[in-house]
Amino acid sequence: MVRKVSQQKSPAEFFAENKTIAGFDTPAKSLYTSVRELVENSLDAAERVGVLPDVNVTLEEISLERFQKLYGVEATERIDKGLYKDVETEKERTARMKKQKQARDKAEREAKKKAAKTGESVEDILRRQEAGRKAAATKSRRVFYRLTCKDNGSGMPSDDIPNMLGRVLSSTKYNSVMQTRGKFGLGAKMVLIWSQMRVAQPMEVKSAVSGQGFVSFHRFNIDLHKNAPIVREHRKLQNPGNWRGTEISVVIEGNFGSYKQKLLKYLKLIAIITPYASFDFRFVAEEEKNSFYNTYTRRTDRMPEPPREAKHHPSDVDLELLKKKIAGSTNKKLSKFLSGDFSNITSTMANRMVTELKLDIAPRQMNDSQLLKLHNFMQQVRFADPDGKDLSPAGEYNLRLGVMKELNPDMVATHQGTAYALEGHAFIVEAAVSIGGKDPAIEANQLNVFRFANRIPLLFEQGNDVITRTANQLKWNKYKIGLEQGIGVFVSIVSTKIPFKGTSKEYIGENDKISAAIKRSLEQCAQQLRTKLAKKEEAKQQGEKKKNLELYIPDVSRAVHRVLSTLKDFDQTKKRCIRDSQEELLDGIKKRKVLVTHFTEALKKYVDKKYEEDGLQYQMQNKNKSRVEDIFLASLASEQKLMPPLTNGVCTIQFLK
Ligand SMILES: Nc1ncnc2c1ncn2[C@@H]1O[C@H](COP(=O)(O)OP(=O)(O)OP(=O)(O)O)[C@@H](O)[C@H]1O
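Because the structure is predicted, anything quoted here is derived from the model rather than measured. (Residues numbered from 1 in each chain as written. Predicted model: local features only at pLDDT ≥ 70, side-chain atom pairs only at ≥ 80, totals over all residues. Heavy atoms only, no water.)

Tallying secondary structure elements over the protein gives 18 helices and 16 strands in all. Sorting the 657 residues of the protein into buried and exposed places 43% on the buried side. Once local pairs closer than 6 in sequence are excluded, the contacts in the protein between residues at least 24 apart make up 72%. When the accessible surface of the protein is split by element, carbon and sulfur atoms take 51% of a total near 37700 Å². (Helix = DSSP H or I, 4+ residues; strand = E, 2+ residues; numbered from the N terminus. Buried < 20%, exposed > 50% of the residue type's maximum accessible area, 1.4 Å probe, protein only. Contact = heavy atoms within 4.5 Å. Areas by Shrake-Rupley, 256 points an atom, 1.4 Å probe, with all protein chains shown as cover.)

Structure below.
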């Protein structure tokens, strides 16, 4: 009998073997996830020190041939051709030729049909298809990329760099109950692990913190087995411009072709939810003509209030956490510990708890059974929900600005809900709903749902996500919102703990509380849009009424002129009922001084005036219903106090102080 020997795995080995759970599935997806992880770290780092983020991403394409040259990989001289999977056998060649001929014949038949319908030439259609086929064929080739992400964030202390980026499950974001984009202490390390699995090149990091006086440069790998960094090079570089920030550079295998659209969509969405950041994306292709540069400009200097560190909510505490907190407590009284270390426990509440527990001792003197008693008791007590004051939602102003700047829809409504609590963590849902616009991201005849969690876009598992499900369930036609023009639904959830499914942070599963909060926010947006649409419809109807009236003007002018022309020849007795001013008019007609065009002009003026009066009357009638409507003007000042409202009966304007 073989004796089984127990084995251990380091976290780095575990995640290398199970990279899919961190979003590193195929080379294409891994490239996308790598960009995402580095960008989100950069945003966290800039916001941590309260600076407007500047994030520059460069993706340099490196063909297999160039990769081999660059890294001195000797290409194998092909002698035994049968060994290579890209060399066909005779049998494979015959089968391929047969298949290609069938495909060509089919394509030709379809192209002829299409040409008859569209009027295009058969050759053009076939040429286009051929280009598509070639593009698809290049997708299967191995391609590498040097990914570089540079920011103006906090920078990293020199000694921390190898550990923070070369040891799986290390993070500066662990010990706090705080809203951050990063949470797992995994992202940047997975980028390096992915690189090591296919390319074996070290990660290069330049970073400078405030007042350090130099830029630290590190090249390192991860020892997967030990889960520890292997530093290959460490130097101090000069920093004459006092730069502060981080630049991370790594070579990875990828496939930009298949994930280009996803990646650009991601950048667009992150620009929507972070309009106070500036993003540059540069793609440097092997062939110059395929290179491009996208920039997502900053549109406001107004950053959301940064998230603050919150205390643990008592209902979210497990025994281990309670033990850890107690071990670190210097309080002499349990009541002080409870009110000081947890949110939502006032000193009165803490005293009541201690009396109820009959446990008036210093926390560190508690034995295991007392600890268990305290934990059990905490599970039974009714605590108030966390209030969400430490969270940092994007804010309606930023959300609206982001949607307008990137998508320019015809109409947009926004709403930020109040905070709710989920297992001891506060969360806030904010939403925007847009109608129409010409951006291809908003497709007509459907709901286009865009999801954000802790201000990062979620692009995968759309159908399983609570946001998509809730948006699809809403009865949009109840708000007279049709799908024809394309509806954009933008939902952003912020929390100290987002209940993501998996470490790749791709979606949030079904959850009644979150779903109800999303529904409420979307309903508010839909209600605003309903009012706007009604106003627009009213204006349209007024316009049509005016147009219809104008249509009659030429005929009416001619008819009136003709009647008056006949009147001018009436006998004196009948003429007596005509007043002096009218006498003058008839005289004008007789002498051909008053023509049909004079009637046309007069009637046109009258219709214009009437239309204006009706419009004004409509506004007056509705002034009480909808006088106050948020409009957002970019303010130069960061102060947000409001001046007293200025009202003129038609609208109310309130400026920021
Ligand atoms: N650009 C950067 N500037 C400053 N610090 C950074 C930067 N990138 C990473 N860090 C530091 O390195 C740590 C580890 O980053 P990593 O991406 O591995 O995990 P994380 O961001 O904490 O969590 P997640 O796995 O959820 O992304 C971060 O917590 C942060 O302190």
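Attention now moves to the site of the ligand. Around the ligand, the structure places 23 residues, and the nearest of them are S171, T172, K183, L186 and K189. Within the side chain of T246, a nitrogen or oxygen atom sits 3.4 Å from a nitrogen atom of the ligand. Computed on the free molecule, the ligand has an accessible area of 600 Å², of which 97% lies beneath the protein chains in the complex. At the level of secondary structure, the elements contributing two or more residues to the shell around the ligand comprise α2 (27-48), α6 (161-166) and α7 (187-198). Of the residues contributing to the shell around the ligand, the split by class is seven nonpolar, ten polar and six charged. (Near = heavy atom within 4 Å. Polar contact = N/O pair within 3.5 Å; in protein donor to acceptor, adjacent residues only side chain to side chain. Nonpolar A, V, L, I, M, F, W, Y, C, P; charged D, E, K, R; others polar.)

Taken together, the side chains of K106, R109, K113 and K117 present a region of like positive charge at the surface. Tracing the chain through its elements places K113 in helix α4 (residues 90-118). Assessed through its relative accessible area of 62%, K113 is described here as exposed. (Patch = residues over 30% accessible without salt bridge, like charges linked within 9 Å, V, L, I, M, F, W, Y side chains within 5 Å. Salt bridge = Lys/Arg side-chain N within 4 Å of Asp/Glu carboxyl O. Lys, Arg positive; Asp, Glu negative; His and termini not counted. Charge placed at Lys NZ, Arg CZ, Asp CG, Glu CD.)

Right, let's talk about the nonpolar core for a bit. Core analysis: the largest hydrophobic core is formed by 68 residues, its most contacted members being V39, L59, L165, F256, F279, F281 and F490. Of the domains in this structure, domain 1 (20-69 + 141-296) and domain 3 (395-628) are the two that each give at least three residues to this core. Non-local contacts of F279, meaning those with residues more than four positions away in its chain, are made with V39, L43, V55, I270, A271, T274, N294, T295 and Y296. If you look at the next biggest cluster of nonpolar residues, it comprises 34 residues, including A431, I498, I508 and C525. (Core = buried A, V, L, I, M, F, W, Y, C linked by side-chain atoms within 4.5 Å. Domains from an automatic or database assignment.)

Moving on: the pairing of strand β14 (residues 487-495). Among the nine residues in β14, nine count as buried, and that is most of the element. Of the two faces of β14, the one lined by I487, V489, V491, I493 and S495 and the one lined by G488, F490, S492 and V494 are each fully buried. Note: strand β12 (residues 447-453) against β14, seven bridges, orientation parallel. If you follow V449 over to β14, its bridge partner there is V489. (Pairing = 2+ DSSP bridges.)

Let's shift gears to the confidence of the model for the protein. Low pLDDT marks regions whose predicted coordinates should not be analysed in detail. The predicted model of the protein has a mean per-residue pLDDT of 87, with 89% of residues at 70 or higher. With a pTM of 0.77, the predicted complex shows an ipTM of 0.98. (pLDDT = per-residue confidence, 0-100.)

On to the UniProt feature "domain: DNA topoisomerase VI subunit B transducer" (unreviewed entry) in the protein. Feature annotation in UniProt assigns "domain: DNA topoisomerase VI subunit B transducer" (unreviewed entry) to the following positions: residues 386-545. Regarding residues 386-545, the helix share stands at 34% and the strand share at 24%, and the terminal C-alpha atoms are separated by 55 Å. (UniProt positions renumbered as here; feature names shortened; annotations may be inferred.)

Before going further, it helps to examine the packing of aromatic side chains. The geometry of an aromatic ring pair is captured by the separation of the ring centres together with the interplanar angle, meaning the angle of the planes. One pass over the structure, following the stated rule, counts 15 aromatic pairs. Ring geometry for Y32 and Y266: centres 5.8 Å apart, planes at 80°, overall edge-to-face. A residue pair is termed long-range when its members are at least 10 positions apart, and Y32 in helix α2 and Y266 in helix α8 (residues 256-273) qualify at 234 residues. Taking the relative accessible area as the measure of exposure, Y32 reaches 1% and is therefore buried. For Y266, a relative accessible area of 0% corresponds to the buried category. Relative to F342, the ring of F337 lies with its centre 5.7 Å away and its plane at 85°, an arrangement referred to as edge-to-face. Among the aromatic residues, those joined into a cluster by ring pairs are Y32, Y259, Y266 and F460. Sitting over the ring of F214, K236 keeps its end group 4.7 Å from the ring centre. Above the plane of the ring of F460 lies K262, whose end atom (NZ or CZ) is 4.9 Å from the centre. (Phe/Tyr/Trp six-rings, centres within 6.5 Å; stacked < 30°, edge-to-face > 60°. Lys NZ or Arg CZ within 6 Å of the ring centre and 35° of its normal.)

What follows concerns the sheet that holds strand β6 (residues 245-254). Spatially, eight strands are ordered β5-β4-β3-β6-β2-β1-β7-β8 in an open sheet, and the strand pairing comes out mixed. Unpaired on one side and paired on the other, β5 (228-238) and β8 (292-296) mark the two borders of the sheet. For this sheet, the mean angle separating the axes of adjacent strands, direction not counted, is 15°. Pairing of strand β4 (residues 214-223) with β5, which is carried by ten bridges, proceeds in the antiparallel orientation. Bridge pairing in β5 links V215 to L237. Along the sheet, α7 contacts β2 (143-151), β3 (203-208), β4 and β6; its crossing angle with β6, the most-contacted strand, is approximately 35°. (Axes fitted to C-alpha atoms, helices over the stretch in contact; angles between N-to-C directions.)

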